[in-house]
Amino acid sequence: MPRPTAAQLAYGSCTVLFSTLAMLLLSQTSSGAAIALIAVAALALGVLVALTVPTPKARVIAMRRPSPAVTAQDAPTPAPVPERAA
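Since the structure is predicted, the reported quantities are computational estimates derived from the model, not experimental observations.

Draft legend 1. Representation of the environment of Ala-44. By the secondary structure assignment, Ala-44 is in helix 2 (residues 32–52). Residue class for Ala-44 comes out partly exposed when judged on its relative accessible area of 46%. For the pair Ala-44 and Gly-12, spaced 32 residues apart in sequence, the C-alpha to C-alpha distance is 9.6 Å.

Draft legend 2. Structural view of the UniProt feature "transmembrane region" (unreviewed entry) in the protein. According to UniProt, the feature "transmembrane region" (unreviewed entry) maps to residues 9–27 and 33–55 in the numbering used here. What you have in residues 9–27 is 100% helix and 0% strand, and the ends, taken at the C-alpha atoms, are 27 Å apart. Helix makes up 87% of residues 33–55 and strand 0%, with an end-to-end C-alpha separation of 36 Å.

Draft legend 3. Layout of the environment of Leu-51. Summarising the element assignment, Leu-51 is placed in helix 2. Residue Leu-51 is classed as exposed on the basis of its relative accessible area, which comes to 64%. Here the alpha-carbon distance between Leu-51 and Gly-12, two residues 39 residues apart in the chain, equals 8.3 Å.

Draft legend 4. Structural view of the packing of helix 1 (residues 6–27) against helix 2. Between helix 1 and helix 2, the shortest axis-to-axis distance is 8 Å and the interhelical angle comes to 150°. When the interaxial angle is binned, helix 1 and helix 2 end up roughly antiparallel. The crossing of helix 1 and helix 2 is right-handed. Facing Gln-8, Tyr-11, Gly-12, Thr-15, Val-16, Ser-19, Thr-20, Met-23, Leu-24 and Ser-27 of helix 1, the residues of helix 2 in contact are Ile-35, Ile-38, Ala-41, Ala-42, Leu-43, Leu-45, Gly-46, Val-49 and Ala-50. Residue classes in the contact of helix 1 with helix 2 are distributed as 12 nonpolar, seven polar and no charged.

Reading the values: the criteria
- Residues numbered from 1 in each chain as written.
- Predicted model: local features only at pLDDT ≥ 70, side-chain atom pairs only at ≥ 80, totals over all residues.
- Heavy atoms only, no water.
- Helix = DSSP H or I, 4+ residues; strand = E, 2+ residues; numbered from the N terminus.
- Buried < 20%, exposed > 50% of the residue type's maximum accessible area, 1.4 Å probe, protein only.
- UniProt positions renumbered as here; feature names shortened; annotations may be inferred.
- Axes fitted to C-alpha atoms, helices over the stretch in contact; angles between N-to-C directions.
- Parallel < 35°, antiparallel > 145°, perpendicular 65-115°, else oblique.
- Left-handed = near helix turned anticlockwise from the far one by under 90°.
- Contact = heavy atoms within 4.5 Å.
- Nonpolar A, V, L, I, M, F, W, Y, C, P; charged D, E, K, R; others polar.

Structure follows, in structure tokens:
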């Protein structure tokens, strides 16, 4: 199983914290069972968010094909150099 990325950990943790806080404030509950249920629901939501964060794709590096070797018959023939008169 691949290790979670930093983005997955951050998004999941923030989701757990903020959803727990929001659900506790909105429900205004004080019983232990309801608080435990809210905590479990927030944890499940955080895991769901962390798993849906896109993971970075493996980079594909394009390989250049080597140029074909130049053979003796393909090589250009040098032009003769004229001699200088002294």
